[in-house]
Amino acid sequence: MQPLAPYRLVDAFVVLIALTCGWSNCHAQIPTRDEVEAAQNVVLPDDPAAIIAVVGQSPIYYGEVAPKVDARINEVLAKAKQQVPEEQLQYARINLTRGMLTQAIQNKMMRESFLLDQVGTQSADKRAEADATLAARARQMFFESELPQLKKQYKVTDIAELDSMLREKGSSLASRQRDFTDAMLGHLYIRSKVEKDPTVSIADINQYYNEHLDDYRHPAEATWEQLTVLFRNFASREEAMKAISDMGREAYFGGNLQAVARAKSQEPFASSGGLHDWTAKGSLASDQLDQQIFSLPLNAMSEIIEDETGFHILRVLDRKEAGFNPLSEVQDEIRAKIREQKITDSQKNVMKDMQKRVQVWTLFPDDIEGAKPLPQSIGWRPHDAAANSNRF
């Protein structure tokens with residue numbers, strides 16, 4: 001192996017690969033030197049017919065993954081418009097291969113689980129018959145729904161032309177059809193197992209409310225009107241005092257504080273008549289105003305209040321004491337949260353059950369919980385098996 005080139009802390013290509021790959025095991029940060037070096041010890045097959053995973057009774061061939069990986073790398077290279085060190089290309093290739101293989105395995109696991117539900121422990125002939133029947137239905141659905149969408153997306157009417165365009169992007173019509181079939185059967189399996197409308201009892205809601213009571217705590221809040229003059233706008237403190245006094249008298253005797261605020265006040269809410277909507281206690285920059293707002297009598301104009309910025313007159317319109325939102329106000333929100341959590345838990349249980357039912361052998365066993373290393377007798381193995389036994 002050639003020694004690594006000096007490692008650069010920032011490389012646009014690796015970052016772009018990580019951000020655009022879209023699979024959970026792609027790194028979202030720049031890889032370390034050790035990660036890049038580890039990738040050099042991983043040897044991928046050069047034969048597209050090489051088996052890189054077996055899911056139940058379904059093999060996954062390198063040729064199902066490699067074109068997509070190459071297309072993604074070429075796409076990013078074209079965007080990066082710069083040369084990329086070979087070791088970083090290798091890192092990206094391995095990382096993308098692992099991500100795509102993981103996704104392919106998960107799809108196959110759902111398909112295998114669906115077939116097991118259909119035929120159970122019946123003979124291999126029955127399984128093959130059921131598989132062929134389901135594949136035929138999926139193929140019909142592909143041509144009725146997915147194919148028209150693909151033609152529209154690529155703006156073509158000829159299937160051969162569509163297939164050619166898909167191959168340029170590392171796919172093919174056959175590959176898309178295969179992926180569609182796996183996805184459809186997987187969707188049917190998940191839909192048949194996951195609880196769609198779980199029951200949420202009053203006891204569930206009460207328990208959730210009590211366990212998450214802090215989430216429904218609210219501070220004291222108030223809404224008020226305000227007149228303000230700022231010291232910076234006057235030559236002296238006396239001039240500022242005269243201005244706020246005049247505004248206060250006009251508002252008091254005229255009876256319309258908001259009109260005076262729009263015309264003369266100097267605080268940010270002046271254009272809205274000095275009206276401040278519900279604001280939590282402790283959130284104001286002025287401690288003096290915060291204290292007065294939560295202690296003044298309601299609907300009465302205050303005396304002149306001074307703080308570091310200027311003089312103010314307030315009229316508190318309404319106030320809410322600190323406390324908790326009553327259960328009656330939040331029970332619908334809680335019910336929706338519990339329902340969503342129950343569906344998520346049901347999905348997780350289905351996935352766990354699927355992993356127990358369907359055995360997986362793969363080139364990268366650490367990427368799938370419960371998977372086993374791919375034996376040489378079944379498929380292709382890299383030269384350095386130890387390098388593949390751990391994530392890099």
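Above this text is the structure in question.
The structure displayed is predicted, hence computed values, not measured ones.

Caption draft 1: Region of the structure containing the environment of T181. Structurally, the position occupied by T181 is in helix 7 (residues 173-193). It is 8.8 Å that separates the C-alpha atoms of T181 and R137, two residues lying 44 residues apart in sequence. With sequence-adjacent residues up to four places away left out, T181 is seen in contact with R111, A135 and A138.

Caption draft 2: Seen up close, the nonpolar core. Ranked by internal contacts, the top residues of the largest apolar core, which has 51 residues, are I52, V55, I60, L101, I105, M109 and L162. Elements represented by at least two residues in this core include exactly strand 1 (51-55), helix 3 (66-80), helix 4 (86-119), helix 5 (124-154), helix 6 (159-168), helix 7 and helix 12 (327-357). For this core, the element with the highest residue contribution is helix 4, accounting for twelve residues. If near-sequence neighbours (up to four positions away) are discounted, L162 is found in contact with L147, L150, K151, Y154, V156 and L173. In this structure, L227, L257, F311 and I313 belong to the second largest nonpolar core, which totals twelve residues.

Caption draft 3: Here's a closer look at the packing of helix 8 (residues 202-211) against helix 12. Taken N-terminus to C-terminus, the directions of helix 8 and helix 12 make an angle of 100 degrees; their axes are 9 Å apart at the nearest point. Comparing their axes, helix 12 and helix 8 come out roughly perpendicular. Residues I202, D204, I205, N206, Y208 and Y209 of helix 8 form the contact with helix 12, whose own contacting residues are L327, V330, Q331, I334, R335, K337, I338 and K342.

Caption draft 4: Structural context of the packing of aromatic side chains. Tallying each qualifying case throughout the model produces five aromatic pairs. Judged by centre distance (5.5 Å) and plane angle (90 degrees), the ring pair of F142 and F143 falls under edge-to-face. On the basis of relative accessibility, which here comes to 0%, the residue F142 falls in the buried class. Judged by centre distance (5.6 Å) and plane angle (65 degrees), the ring pair of F142 and F180 falls under edge-to-face. Highlighted residues: F142 in helix 5 and F180 in helix 7, separated in sequence by 38 residues. Every member of this aromatic cluster is reached through a ring pair, and the members are F142, F143 and F180.

Definitions and cut-offs
- Residues numbered from 1 in each chain as written.
- Predicted model: local features only at pLDDT ≥ 70, side-chain atom pairs only at ≥ 80, totals over all residues.
- Heavy atoms only, no water.
- Helix = DSSP H or I, 4+ residues; strand = E, 2+ residues; numbered from the N terminus.
- Contact = heavy atoms within 4.5 Å.
- Core = buried A, V, L, I, M, F, W, Y, C linked by side-chain atoms within 4.5 Å.
- Buried < 20%, exposed > 50% of the residue type's maximum accessible area, 1.4 Å probe, protein only.
- Axes fitted to C-alpha atoms, helices over the stretch in contact; angles between N-to-C directions.
- Parallel < 35°, antiparallel > 145°, perpendicular 65-115°, else oblique.
- Phe/Tyr/Trp six-rings, centres within 6.5 Å; stacked < 30°, edge-to-face > 60°.

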